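Listed here are the chains, written in short residue letters.
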Amino acid sequence: MKRTLPLIFTILITLSFSACKKGDIKTLNSIGYGSSFGMCVGYCSSNLLISDLKLTFSKSKNGQTADTKTCSKTISEADINAIKKELNLEKISALPEVIGCPDCADGGAEWIAINADGKQYKITYEYGKAPKELEAAVARLKVLKDSFKDCN
């Protein structure tokens with residue numbers, strides 16, 4: 001009995017630490033993703049928000065009157081979990097808020113915003129140059145954004 005109790009305790013401790021990877025998201029409130037181009041005609045800014053099994057897409061024009069179009073649809077919990085798996089908060093929190101020179105020389109800017117586990121993160125980077133820590137999640141988000149091509 002003296003040997004069994006420490007063994008059981010050791011197994012329980014080991015299992016509790018191996019149950020989830022460090023940096024995994026426990027509670028995801030929302031994910032935002034978007035892009036913008038400063039020197040552009042037409043709809044130059046697009047935003048995608050995932051919250052409460054709902055996708056909301058909006059696009060707007062540059063200028064004094066934004067002329068925003070908004071569309072929405074539902075998203076499955078499985079799709080949200082797939083994106084969530086691609087995000088590691090430990091790695092994301094180590095990233096600077098701005099990477100490179102977003103929208104310099106009209107190259108465009110992209111961003112991802114995550115509200116999870118009581119913290120908010122927003123990383124803005126040069127269009128098409130997602131940091132490796134975000135590449136897989138951004139690829140999934142682009143597919144979702146592209147599903148709104150008919151948003152008029």
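Residues numbered from 1 in each chain as written. Predicted model: local features only at pLDDT ≥ 70, side-chain atom pairs only at ≥ 80, totals over all residues. Heavy atoms only, no water.

S.K.: Break down the environment of Ser58 for me, citing the residues and quoting the values.
M.R.: Inspection of the secondary structure assignment puts Ser58 in strand 3 (residues 54-61). Exposure remark for Ser58: the relative accessible area of 17% places this residue in the buried category. Between the C-alpha atoms of Ser58 and Gly34, which are 24 residues apart in sequence, the distance is 9.3 Å. (Helix = DSSP H or I, 4+ residues; strand = E, 2+ residues; numbered from the N terminus. Buried < 20%, exposed > 50% of the residue type's maximum accessible area, 1.4 Å probe, protein only.)

S.K.: Provide a residue-level description of the packing of helix 2 (residues 77-86) against helix 4 (residues 135-146), including the pertinent values.
M.R.: At a minimum axis separation of 7 Å, helix 2 and helix 4 run at an interaxial angle of 150 degrees. Viewed along their axes, helix 2 and helix 4 adopt a mutual orientation that is roughly antiparallel. Crossing angle aside, the handedness with which helix 2 passes helix 4 is left-handed. On helix 4, the residues that touch Ala82, Ile83 and Glu86 of helix 2 are Ala136, Ala137, Arg140, Leu141 and Leu144. In terms of residue class, the contact of helix 2 with helix 4 is built from six nonpolar, no polar and two charged. (Axes fitted to C-alpha atoms, helices over the stretch in contact; angles between N-to-C directions. Parallel < 35°, antiparallel > 145°, perpendicular 65-115°, else oblique. Left-handed = near helix turned anticlockwise from the far one by under 90°. Contact = heavy atoms within 4.5 Å. Nonpolar A, V, L, I, M, F, W, Y, C, P; charged D, E, K, R; others polar.)

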